[in-house]
Amino acid sequence: MSLNSSVLFNEENSPGPKRNTECLGSLELQTPSSFQDNPLQQLQLASQEVLEKAKKSGRSKCPRCRSSRMFYCYTCFVPVETVPTKEIPTVKLPLKIDIIKHPNETDGKSTAVHAKLLAPDDVTIYKYPCIPEYAEKRHEIALIFPGPNSVSLKDIAFHLQKFTKKGVYDDDCCGEPFLKQAKIEPKEEKNLNECISSNRSEGTGLKKIIFIDSTWNQTNKIITDERLQGLLQIELKTRKTCFWRHQKGKPDTYLSTIEAIYYFLVDYHQEILKENYKGQYDNLLFFFSFMYTLIKNAKCCAGKE
């Protein structure tokens, strides 16, 4: 899920063995297809040659704050000088995305910045507690968060249409008013299917998705914030993470933030928009897949795999 992107490849803080760094600098980047077990190899990505060149030339300056960074500035959300903006793909998303970042989440280790870099017109990052008021827009917003209150993606239309534009429940709509702990009983399935079928033809009314960028242990303060109460919660399908430093002691189904965003959009495209997926959002993993390969190469060189 999007809650555990707390550790990511960080040039400043990576404590790995020195030989890893040496291998990283001398080892030519292998293509994803060179790894038989690389789950990212089927992605339809823009050329990553610009990142390969930047890797060889080393750290560079951020054009805004002038800090020394690798590939991009995680503070200003822009590529560094050795990575021309025109060579970075831009992804157009079907929905707006707000990312609420825990204040203790290290900027340089978060994958949330990838989304902002690659979909700048559709992604906004907020550092908690500075977040918007969502109450008046509850009828068009959903929060990605697992738990007993969450619904599956395919049920979005059924639940969102119960909100009026004033952000309150509409009892005239099919089904009972949505309650936090409510469960869909078998007798409601007929109405559920009718609502979903009707709303899918008109669109779900969903306009914005909220993701939380935090470790699991840090989420409670954010998820209990009164500004997020009453929002529809969606739980993603179970998938295994490719994140190279996911939280210790947590299952491999805990996704980094950028993975959660990517998989949600793929599912939304297929299940809600009812369109064939042809790699439209694959470039959201442009930086992630490159770093995955770098880390895997370094581990192989160090004899860890």
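As the structure is a prediction and not an experimental result, all values here were calculated from the model. (Residues numbered from 1 in each chain as written. Predicted model: local features only at pLDDT ≥ 70, side-chain atom pairs only at ≥ 80, totals over all residues. Heavy atoms only, no water.)

Participant: It is not clear to me how helix α7 (residues 257-271) should be interpreted in this structure. Could you clarify?
Facilitator: The periodicity of an α-helix, 3.6 residues per turn, causes residues three or four places apart in sequence to face the same way. The end-to-end C-alpha distance of α7, which contains 15 residues, comes to 21 Å, matching closely the 21 Å that a straight helix rising 1.5 Å per residue would cover. A large share of α7 lies buried, amounting to 14 of its 15 residues. (Helix = DSSP H or I, 4+ residues; strand = E, 2+ residues; numbered from the N terminus. Expected span 1.5 Å × (residues − 1). Buried < 20%, exposed > 50% of the residue type's maximum accessible area, 1.4 Å probe, protein only.)

Participant: Could you clarify how one ought to interpret the nonpolar core in this entry?
Facilitator: Most often, soluble globular proteins have nonpolar side chains that are buried together. In this structure, Phe-71, Leu-93, Leu-206, Ile-209, Phe-264, Leu-284 and Phe-287 are the most contacted members of the largest nonpolar core, which totals 61 residues. For this core, the element with the highest residue contribution is α7, accounting for nine residues. A domain split of this core shows at least three residues from each of domain 1 (45-88) and domain 2 (91-162 + 204-304). Leaving out residues up to four positions away in the same chain, Ile-209 has contacts with Leu-95, Lys-96, Ile-97, Asp-98, Ala-142, Ile-144, Ile-234 and Phe-264. Tyr-128, Tyr-134, Leu-143 and Leu-231 belong to the second-largest nonpolar core, a separate cluster that totals 13 residues. (Core = buried A, V, L, I, M, F, W, Y, C linked by side-chain atoms within 4.5 Å. Domains from an automatic or database assignment. Contact = heavy atoms within 4.5 Å.)

Participant: Looking at this structure, I do not really get the pattern of salt bridges. What am I missing?
Facilitator: Pairs can form between side chains of opposite charge once their charged atoms are near each other. This model, assessed by the stated rule, comprises 14 salt bridges. For the salt bridge of Asp-122 with Lys-96, the shortest nitrogen-to-oxygen distance reads 2.8 Å. Of this pair, Asp-122 sits in the loop between α3 (112-118) and β6 (123-127) while Lys-96 sits in strand β5 (residues 96-101), placing them 26 residues apart in sequence. Between Lys-208 and Asp-98 there is a salt bridge; the shortest N-O distance is 3.4 Å. Within this pair, whereas Lys-208 is found in strand β8 (residues 208-213), its partner Asp-98 is found in strand β5, the two being separated by 110 residues in sequence. A relative accessible area of 23% places Lys-208 in the partly exposed class. (Salt bridge = Lys/Arg side-chain N within 4 Å of Asp/Glu carboxyl O.)

Participant: I keep staring at the pairing of β8 and nothing clicks. Help me out?
Facilitator: When a strand is regular, its side chains alternate between the sheet's two faces. Within β8, five of the six residues are buried, which leaves it mostly tucked inside the rest of the structure. Across six bridges, the pairing between β5 and β8 is parallel. Pairing of Ile-100 across the sheet is with Ile-212, part of β8. Where strand β7 (residues 141-144) lies against β8, three bridges are found, and the strand directions are parallel. Opposite Leu-143, over in β8, you have Ile-210 as the bridge partner. (Pairing = 2+ DSSP bridges.)

Participant: Before we go on, may I ask you to explain unusual backbone geometry in this structure?
Facilitator: Note on backbone geometry: most residues besides glycine have negative phi, and most peptide bonds are trans. Pro-129 follows Tyr-128 through a cis peptide bond whose omega is 15°. Looking at where Pro-129 falls in the secondary structure, it is placed in the loop between β6 and β7. Backbone geometry at Phe-77 places phi at a positive 60°, although glycine is not the residue there. Position of Phe-77 relative to the elements: it lies in the loop between β3 (72-73) and β4 (78-79). The class for Phe-77 is partly exposed, based on a relative accessible area of 27%. Of note, the phi angle at Lys-274 is positive, near 60°, even though the residue is not glycine.

Participant: What is the right way to read helix α2 (residues 49-57) from this model?
Facilitator: Among the residues making up α2, those that are buried are Val-50, Leu-51, Glu-52, Ala-54 and Lys-55. Looking at the residues trailing α2, positive phi occurs at Gly-58, about 85°.

Participant: Sorry if this is basic, but what is going on with the confidence of the model for the chain here?
Facilitator: Fine structural detail should not be taken from predicted coordinates in areas where pLDDT scores are low. Chain-level pLDDT for the chain is 77 on average; 70% of the residues reach the 70-or-more range. No element of the chain has a lower mean pLDDT than helix α1 (residues 18-26), at 38, and none a higher one than β5, at 98. Across residues 171-190 the pLDDT falls below 50, and counting only partners more than four positions away or on other chains, this stretch makes 28 contacts in the model. Counting interchain partners and residues more than four positions distant, the pLDDT-below-50 stretch residues 192-202 has 17 contacts. (pLDDT = per-residue confidence, 0-100.)

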